[in-house]
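# Examination of the molecular architecture
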Amino acid sequence: QSENILGYYVNVERIPNSCRDSPNRFFLKDRKVLLNLSMAYYRINISAYNKAGESPQATYIVSDSPATDLPGQIHVRHQGTNAVVTWTPEYNPKCFVVDWGTGKDDMRMKIITTTTGNFMLDNFQPYKLYKIMVHASDVCQCESFTRHEKTFGVTHFYSVEGVPRTGPANVTILNITKHSALVKWTKIAAKDCLGILQGYRISYTDSSRKKSLAVTLNSSTTSYHLTGLKEKTIYRVQISGFTKAGEGPPTLSQPFSTPKYGTVEALCICVTQHQS
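Residues numbered from 1 in each chain as written. Predicted model: local features only at pLDDT ≥ 70, side-chain atom pairs only at ≥ 80, totals over all residues. Heavy atoms only, no water.

## Some details on the overall build of the protein chain
Inclusion rule: Every helix listed is a DSSP run of H or I at least four residues long, and every strand listed is a run of E at least two residues long, numbered separately from the N terminus. Type-normalised accessible area, obtained with a 1.4 Å probe on protein chains alone, sets the label of each residue: buried when under 20%, exposed when over 50%, and partly exposed for intermediate values. Under the convention used here, a 1.4 Å probe and the Shrake-Rupley method define accessible areas, while residue burial counts only the protein chains that appear.
Tallying secondary structure elements over the protein chain gives 2 helices and 20 strands in all. Within the span of the protein chain, comprising 276 residues, buried residues form 38% of the whole. Surface exposure of the protein chain reaches about 17,000 Å², of which carbon and sulfur atoms provide 50%.

See the structure below:
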């Protein structure tokens, strides 16, 4: 019954909202609204209304945005289950608003009204990746944060790092020739890293175990070209990830065999006869 709609209600609520104030509510005639928000999480509820009343709400969660072109850098130093966060603000707003947690369903909020460039956060659990966001606001009132806060900086942090619980997935061997092969894999999922992934170690051994090599690669790499292989030889490849805490378990041994001969390209000569 869109022809009977008189307008829309749009509720914008910050996540988390420790102020416990009611969400900002807009009354609109059009089906669009431009919101200038910080990089905090937000819940947006939209409903339509007419003379009979208000419709059920549609909900949209504004979640992770790329942290680009932010004015400040945040530094974190852990102290047991606590963390000391420091930064150098480019100006002194009336207050800072800090969010920290493992995701939109597990965030905490802290309002800092002093001009200090550091503060302490608590209750960090080991082996979990936390997101810390610092926002600045010149209007230090709870109901104003949605409209006035601007994100100063974003960082990610482990209070205690562990080694990855698994190796990378989907290890495949491609483009095998007499002396080379291409190894590809899927990066280790963030939930399985248990720390900030520093890189990968790929090791390969021939069937006689006379030649065993290991190569260390950075964490953004998901393929590696093996060279200097022997023809007509079986090799086995394993890949593991490592964090600052150490190296995780390797993948299952992945075998492949190099051929005796190189790639041969066939030449086809077509002869046609014309009868007179």
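Next, the rest of the story.
## Topic: the packing of aromatic side chains
Our working definition: Here a Phe, Tyr or Trp ring, Trp counted by its six-membered ring, pairs with any other such ring whose centre lies within 6.5 Å, and the pair is stacked when the planes are under 30 degrees apart, edge-to-face when over 60, and tilted otherwise. Whether a charge sits over a ring depends on NZ of Lys or CZ of Arg being within 6 Å of the ring centre and within 35 degrees of the ring normal.
Under the defined criterion, the tally for this structure stands at 7 aromatic pairs. Each ring, one from Tyr9 and one from Phe27, has its centre 5.0 Å from the other, and the planes form 75°; the classification is edge-to-face. Residue Tyr9 is located in strand E1 (residues 7–15), and its partner Phe27 is located in strand E2 (residues 24–28); the two are separated by 18 residues in the primary sequence. On the basis of an interplanar angle of 75° and a centroid distance of 6.4 Å, the ring pair of Phe96 and Phe152 is categorised as edge-to-face. On the criterion of sequence distance, the pair formed by Phe96 in strand E8 (residues 95–103) and Phe152 in strand E12 (residues 150–157) is long-range, its members being 56 residues apart. Pair check on accessibility: Phe96 and Phe152 agree, each one buried. Above the face of the Tyr9 ring, Arg25 is positioned so that its terminal group lies 4.1 Å from the ring centre. Its guanidinium or amino end placed over the ring of Phe242, Arg201 lies 4.2 Å from that ring's centre, counting from NZ or CZ.

## Concerning the sheet that holds strand E9 (residues 106–112)
Heads up, the rule is: Strand pairing is assigned whenever DSSP detects at least two bridges linking the two strands. Every axis in this analysis is a line fitted to C-alpha atoms, fitted for helices over the stretch in contact. Angles between the N-to-C directions lie between 0 and 180 degrees.
Spatial strand order, E9-E8-E11-E12: 4 strands in an open sheet with antiparallel pairing. Each of the sheet's edge strands pairs with one partner strand only, and the pair in question is E9 and E12. With strand direction ignored, the average angle separating the axes of adjacent strands in the sheet is 15°. Pairing geometry for E8 and strand E11 (residues 130–137), over 7 bridges, is antiparallel. Note on E11: the bridge partner recorded for Phe96 is Ala136.

## A look at the environment of Tyr261
Within the secondary structure, Tyr261 sits in the segment after strand E20 (254–257). Overall, the relative accessible area of 59% leaves Tyr261 in the exposed class.

## So, the confidence of the model for the protein chain
To keep it simple, the criterion reads: Per-residue confidence from the predictor is reported as pLDDT, a score between 0 and 100.
Looking at the protein chain, pLDDT values average 84 and 87% of them are 70 or higher. Mean pLDDT values for the elements of the protein chain range from 72 in helix H1 (residues 145–148) up to 95 in strand E19 (residues 246–247).

## Describing the sheet that holds strand E17 (residues 223–227)
Either a parallel or an antiparallel arrangement is found when strands of a sheet pair, and the pairing is made through backbone hydrogen bonds. The 3 strands are arranged E13-E14-E17 in an open sheet whose pairing can be described as antiparallel. Only two strands of the sheet have a single neighbouring strand rather than two, namely strand E13 (169–174) and E17. Neighbour-to-neighbour, the strand axes of the sheet open up by a mean angle of 20°, direction not taken into account. Bridge analysis of E13 against strand E14 (residues 180–186) gives 4 bridges, and the strand direction is antiparallel. Residue pairing for E14: Ala169 is matched across the bridge by Thr186.

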